[in-house]
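# Coordinate analysis (summary)
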Amino acid sequence: MLVDALREDFVFGPNGRMYMPYTRHLVERGSSNSFVAKARPPTVTMPRIKALTTGSIPGFIDVVMNLNSPALLEDNLIWQAKTAGKRIVFYGDDTWVRLFPKHFMEYDGTTSFFVSDYTEVDNNVTRHLDSTLKRDDWDILILHYLGLDHIGHISGPHSSLIQPKLLEMDDILKKIHSALISKEAEGSLPYLLVLCGDHGMSETGSHGGSSEPEVNTPLVLISPAFKRKVGMEDPGVVEQVDLTPTLALGLGLPISQNSVGRVIPGVLEETSLRDQLRFLHLNGHQLSCLLKDSMPDYEKEVGFEQFRVAEKAHGNWMKLYLEGNTSEVLTNMGKKVLKQYLEALAAMSSALSKQLGKYDMYSMIAGMVFVFQLLLVLLLAMPEALSGEAAVDLPVLSALLSLPFYLLCLLLASVHVLVCTSAESSCYFCSLSWGLVFAAVAFSSAMFCILVSMATRRLPLGPKIHGKSPLRSSGSEWSLSELDVLLLAGTVGHTLSLASSSFVEEEHQTWYFLLNTLCLAVFQDVCRKYFREQSGSGDEEEHILPSKDCHPSAHPKGEIYSEKWLALATPPFTLLCCRLLRSLNQTGVQWAHLPDMGHWLNSSEHRTVLSLLAAFCLVLIYFLVQRRCSWVSKVALALGLLGVYSYRAAVGNVLFPWHHSGRTMSKGTVEARFVYVFVLGILFTGTKDLLRSQIITADAKLKSRGLWEIYSGLVLLVSLLFRAHNLPVLCCCLLIQTLMAQFIWKKLHYDAAQTTIMHYWFGQAFFYFQGNSNNIATVDISVGFVGLESYVEAPAIFLTALSTYAGPLLWACHLVCYLSSDRDRSPVALGHGCYCLALLRSVPAAAYIVLVTVLRYHLFIWSVFSPKLLYESMHLLLTAGVCLFFNTMEQSHSSSKS
């Protein structure tokens, strides 16, 4: 019986007797063995099921595969049981059905991703229980309950829904145990009832990371074969993968080939010494064979040598045993051999766990080559991309028609054949079809020829690039302002910091520091502009803050003075907002457990405060966004924001004045769909205006309104997805954007490159202000089911990704709208912004890929570096989509200007 997200303190903790009284009674007084089973990250369902059934440690790619699990081809306990003729029945999470197709005699799978449902998803499992327990036509029954995990995602581990759900699970365990006792017959083999969790849940109710509440799960083995307990004992600590060899030996099955687990010694206590030694020898033999396959110098491993010594001593003991020796010397010798086996198993299991499997270096190197070829193209294109024309000439045709291209294709194809025919282990790149391999080889060869051609053009003898770079001043030398130095140094410094596990865990601190420094630098520029202006002329002002790709318009001095104090107040106000947002959500690892304003606002005692704050934020969001919309979109936006509050009230986060505290909550499906209608309406209106401005009439004002309407539709959707306590994050985001655009970027004539880097920094900081981190556990998957009655994969993934990356996406989209609607900017500003945004994401991503490859044997590779790689990949994918939108807008912008 697997209860998804069952934390060990739900059973063994102070509240265990209240949450699961019958289970706690069995732990304290029953014939049972209890352990705390430690799960390895990633603590998500599919990798944990693989660990429980194969005994191996899955990789982080299984986090992605968790969405649509393929059949498990690796040697596993379920396959071994089916091969041995065991009849298996399964009810629960349909991940098992996808992993083990055609393995179950009978099954009924339930959808695991629809987290809004925590009742029916368990009732669909329990409804089969009475009839199944009465039957005798099965050998193994597997139940996987999902309701507890869904409650955790919705409202966390301290929700009022937790205790009723755990009591329900306790009653089910009591029903199963009672049925097994009643079926127990004289002389029959003893039954075994296993209660376990696949992973725990964090203090926010999520999982996926490596914190103690996420990795510590209860493991309770109940059987008449065990000694009856006389009181509560501290449960021993084992690895989750240790259950695999223990169950295999208990069922008389071979241990899975790739299992790194070791048999749990406490389970063997009631068996004879001979049987204990036999079980330990079987486990040791399996681990030693895996050690031989995994490590070239396996003979130097301490565990392998210890196993050989124990095996030899075991042989001597068996010889004396078979001779009928019953002296105390034989017993002491057997205990010594037992101890040697246990030490050898621990050492071999630890060595194999640290290695975590074989790396597919050929595929990893091939991937790195592709990434760095694209990065080098971006870097070599810099002079043209940031020139006055913002047009990059890629010599694609000449590269494809050149002789080196064909020679490289032949060379790389031969290298591929050589590597794949001589590889001892399986390789992903080698398993691809020849068509895909040839396409990859041709792409790499073409990229190499393009790089050589572009590099030759950059040589002094090559052709000169026409157009003025926005980074050039009026002189012939490159000129960098203090702000340019800060932006470049901060971006490079952040990239270098990714080599440290501590900096990755607490990356939010890096962005908070950079953002605060940026605000101070901008404040210095504002002071320089307005206070030097009093003693100097306008020409001097332009010399101090040169306009690089802008055409500054003349403003009357009176207007400048009227805006002066608002401009001076904007950076300090931004600093104040950022400081308040930092206290809203604790994130990272070191201080994530500390209470924050979000916890305070979400407590039931402060629901009125949260309601007033949410209402105020939604009103402010309306006034900040509606200014550039048509009247139709303004009405739709107002009704949509009212629907957002109604949705939050329906699900119990906030209150209407006429609501009472004991009212029943709903899923808010109707209210959420009401908001979706207005989101689609606003997006449709904005898209219509955009298409009209590009196809029918080249109207820059119409195009600008269309872009801002699309942006307002995105803001409305994000406000629906954000939890109520996070609405101030969205509110501050819009407020800072409005102030910076009005009084900083435009008035100080920052060029497109500087403006883009600032937007990027703000987007990264707001990613963490939302409560995100580089830990998988902070991904709020419950937002993927807002307004849905059942699990639908595409919208669930889209909504989860949008909510997670709302900060970076809103700032990137604001950048497109701002650069497109600013009439004082040159036509190439959008092109410069697109290029800078692509470069800002590509450099850290490429550098991080190298770092992860170099640090693949690092102690924290799976708990720290791998989750960050998933975040980087997803962020890069979203940035590519934004850049595509940039490029479309840039082309239409250029055509309208012409």
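Residues numbered from 1 in each chain as written. Predicted model: local features only at pLDDT ≥ 70, side-chain atom pairs only at ≥ 80, totals over all residues. Heavy atoms only, no water.

## Brief notes about the overall build of the protein
Heads up, the rule is: In this text, helices come from DSSP runs of H or I with a minimum length of four residues, and strands from runs of E with a minimum of two, each type numbered from the N-terminal end. Each residue is placed in one exposure class: buried if its accessible area under a 1.4 Å probe, protein chains only, is under 20% of its type's maximum, exposed if it is over 50%, and partly exposed if it falls in between.
Secondary structure assignment for the protein yields 38 helices and eight strands. When burial is assessed residue by residue, the protein has 54% of its 898 residues classed as buried.

## Thoughts on helix α30 (residues 631-650)
Spelled out, the test is: By definition here, a helix of n residues has an expected span of 1.5 Å times n minus one.
In this model α30 runs 29 Å from its N-terminal to its C-terminal C-alpha over 20 residues, within 8% of the 28 Å that 1.5 Å per residue would give. Ser633, Ala636, Leu637, Gly640, Leu641, Gly643, Val644, Tyr645, Tyr647, Arg648, Ala649 and Ala650 are the residues of α30 that are buried. Gly652 sits one or two positions beyond α30 and adopts a positive phi of about 90 degrees.

## Some thoughts on the state of the cysteines
By definition, a disulfide is the covalent link that joins the sulfur atoms of two cysteine residues. In plain terms, the rule: Cysteine sulfurs are considered disulfide-paired once they come within 2.5 Å of each other.
Applying the stated rule across the entire model yields one disulfide. Sulfur-sulfur distance for the disulfide between Cys420 and Cys430 comes to 2.0 Å. Between Cys420 and Cys430, the disulfide has an S-S torsion of -90 degrees and is therefore left-handed. Of this pair, Cys420 sits in helix α20 (residues 403-422) while Cys430 sits in helix α21 (residues 428-431), and the two are 10 residues apart along the sequence. Cys617 takes part in no disulfide bond, and the closest cysteine sulfur to it belongs to Cys731, at a distance of 4.4 Å. There is no disulfide at Cys813, and the cysteine sulfur nearest it, in Cys817, is 6.8 Å away. Residue classification places Cys813 among the buried positions, given a relative accessible area of 17%.

## Overview of helix α29 (residues 607-625)
Heads up, the rule is: Along the arc lie the directions from the helix axis toward the C-beta atoms.
Between its first and last C-alpha atoms α29 spans 27 Å; for 19 residues at 1.5 Å apiece the expected length is 27 Å, and the two agree. Residues of α29 that are buried: Leu610, Ser611, Ala614, Cys617, Leu618, Ile621, Leu624 and Val625. Buried residues of α29, viewed axially, fall in a sector of 160 degrees; they line one side. Of the exposed residues in α29, the ones pointing more than 90 degrees away from its buried face are Thr608, Leu612, Phe616 and Phe623.

## Here's the deal with empty space enclosed by the protein
Formally: The way it works is a 1 Å grid over only the protein atoms, where trapped points that fit a 1.4 Å probe form a cavity and open points with protein on both sides within 12 Å along at least five of seven lines form a pocket, and then any residue with an atom within 4 Å of a point lines it. Grid points are joined across faces, edges and corners, and a volume is the space filled by probe spheres set on the points. Only Asp, Glu, Lys and Arg are considered charged in this grouping, and only Ala, Val, Leu, Ile, Met, Phe, Trp, Tyr, Cys and Pro are considered nonpolar; every other residue, Gly among them, is considered polar.
Enumeration according to the criterion identifies six cavities of 30 Å³ or more in this entry. The volume enclosed by the largest cavity comes to roughly 140 Å³. For the lining of the largest cavity, the elements supplying multiple residues, two or more each, are α34 (752-769), α36 (806-821), α37 (829-854) and α38 (861-897). Per-class residue counts for the lining of the largest cavity are nine nonpolar, six polar and one charged.

## Some remarks on the pairing of strand β3 (residues 88-93)
Convention followed: By definition, two strands form a pair when at least two bridges between them are found by DSSP.
The buried fraction of β3 amounts to six of the six residues, a majority that puts the element mostly inside the structure. Summarising the sheet, β3 and strand β4 (residues 106-110) pair through five bridges and their orientation is parallel. Directly across from Tyr91, in β4, lies its bridge partner Asp108.

## Focus: the packing of aromatic side chains
To be explicit about the condition: Geometry of aromatic contacts follows a simple scheme: Phe, Tyr and Trp rings, the Trp one being its six-membered ring, pair when their centres are within 6.5 Å, and the pair is stacked under 30 degrees between planes, edge-to-face over 60, tilted otherwise.
If you walk through the whole model with that rule in mind, you get 25 aromatic pairs. Seen in terms of ring centroids, Phe370 and Phe443 are 6.0 Å apart; in terms of plane orientation they differ by 70 degrees. Their pairing is edge-to-face. With a gap of 73 residues between them, Phe370 in helix α17 (residues 361-380) and Phe443 in helix α22 (residues 434-458) connect regions that are remote in the sequence. For the pair Trp745 and Tyr818, a centre-to-centre distance of 5.6 Å together with 55 degrees between the ring planes defines the contact as tilted.

## Here we look at the packing of α20 against α22
We count it as follows: Working convention: axes come from line fits to C-alpha atoms, limited for helices to the stretch in contact. Angles between N-to-C directions cover 0 to 180 degrees. For this classification, under 35 degrees means roughly parallel, over 145 means roughly antiparallel, 65 to 115 means roughly perpendicular, and everything else is oblique. Definitions for this section: a left-handed crossing has its near helix turned counterclockwise from the far helix by less than a right angle. A right-handed crossing has that turn clockwise. Between two residues, a contact is recorded if the distance between any of their heavy atoms is within 4.5 Å.
Taken N-terminus to C-terminus, the directions of α20 and α22 make an angle of 135 degrees; their axes are 9 Å apart at the nearest point. Between α20 and α22, the angle is such that the two are oblique. As for how α20 packs across α22, the hand of that crossing is right-handed. Note on element contacts: α22 touches α20 through Trp434, Val437, Val441, Ala442, Ser444, Ser445, Ala446, Phe448 and Cys449, opposite Pro404, Phe405, Leu408, Cys409, Leu412, Ala413, His416 and Val417. Its residues assigned to classes, the contact of α20 with α22 shows 14 nonpolar, three polar and no charged.

## Describing the environment of Ser611
Note that Ser611 resides in helix α29. In sequence terms Ser611 and His725 are 114 residues apart; their C-alpha atoms lie 9.2 Å from each other. Among all residues touching Ser611, those that are not within four sequence positions of it are Tyr645, Val654 and Leu655.

## Describing unusual backbone geometry
Unlike most non-glycine residues, Ala5 shows phi in positive territory, near 65 degrees. Counting through the fold element by element, Ala5 comes out in the loop between β1 (2-3) and α1 (9-12).

## Quick word on the packing of helix α3 (residues 21-29) against helix α11 (residues 162-183)
Put simply, α3 and α11 touch, their axes get as near as 7 Å, and they point 55 degrees apart. Considering the angle they form, α3 stands oblique to α11. For the pair α3 and α11, contact is made by Pro21, Tyr22, Thr23 and Leu26 and by Leu167, Asp170, Leu173, Lys174 and His177, respectively. For the contact of α3 with α11, the class distribution of residues is five nonpolar, two polar and two charged.

## Some thoughts on a nonpolar patch on the surface
Let me state the cut-off plainly: Residues enter a patch when their relative accessible area is above 30% and they make no salt bridge; the linking distance is 9 Å between like charges and 5 Å between nonpolar side chains (Val, Leu, Ile, Met, Phe, Trp, Tyr). The protein chains shown are the only cover counted for residues, whose accessible areas, like all others here, come from Shrake-Rupley with a 1.4 Å probe. Salt bridge criterion: a side-chain nitrogen from Lys or Arg within 4 Å of a carboxyl oxygen from Asp or Glu.
On the surface, a nonpolar cluster with roughly 640 Å² of combined accessible area is contributed by Val392, Leu394, Val396, Leu397, Leu400, Leu401 and Tyr406. Among the residues examined, Val392 registers a relative accessible area of 37% and is labelled partly exposed.

## What about the confidence of the model for the protein?
Our working rule: As a per-residue quantity, pLDDT reports the predictor's confidence and falls between 0 and 100.
A residue-level look at the protein finds 90% of positions with pLDDT of 70 or above and a mean pLDDT of 86. In this model, residues 462-477 is a region of pLDDT below 50 whose contacts with residues beyond four sequence positions or in other chains number 28 contacts.

## As for the environment of Arg692
Within the secondary structure layout, Arg692 lies in helix α31 (residues 669-696). Arg692 sits in the partly exposed class, given a relative accessible area of 37%. Separated by 10 residues in the primary sequence, Arg692 and Leu702 place their C-alpha atoms 7.9 Å from one another. If we skip the residues at most four places from it in the chain, Arg692 touches Thr697 and Leu702.

## Focus on the pattern of salt bridges
Tallying each qualifying case throughout the model produces 26 salt bridges. One salt bridge connects Arg98 with Asp94, and the closest N-O pair in it is separated by 3.2 Å. Through salt bridges with shared partners, a single network forms among Glu507, Arg841, Lys868 and Glu872.

## Here we look at the environment of Ala846
Position of Ala846 relative to the elements: it lies in helix α37. With a relative accessible area of 1%, Ala846 lands in the buried category. Between the C-alpha atoms of Ala846 and Met368, which are 478 residues apart in sequence, the distance is 7.8 Å. Those residues within four positions of Ala846 in sequence are excluded, and the remaining contacts are Val371, Phe372 and Leu375.

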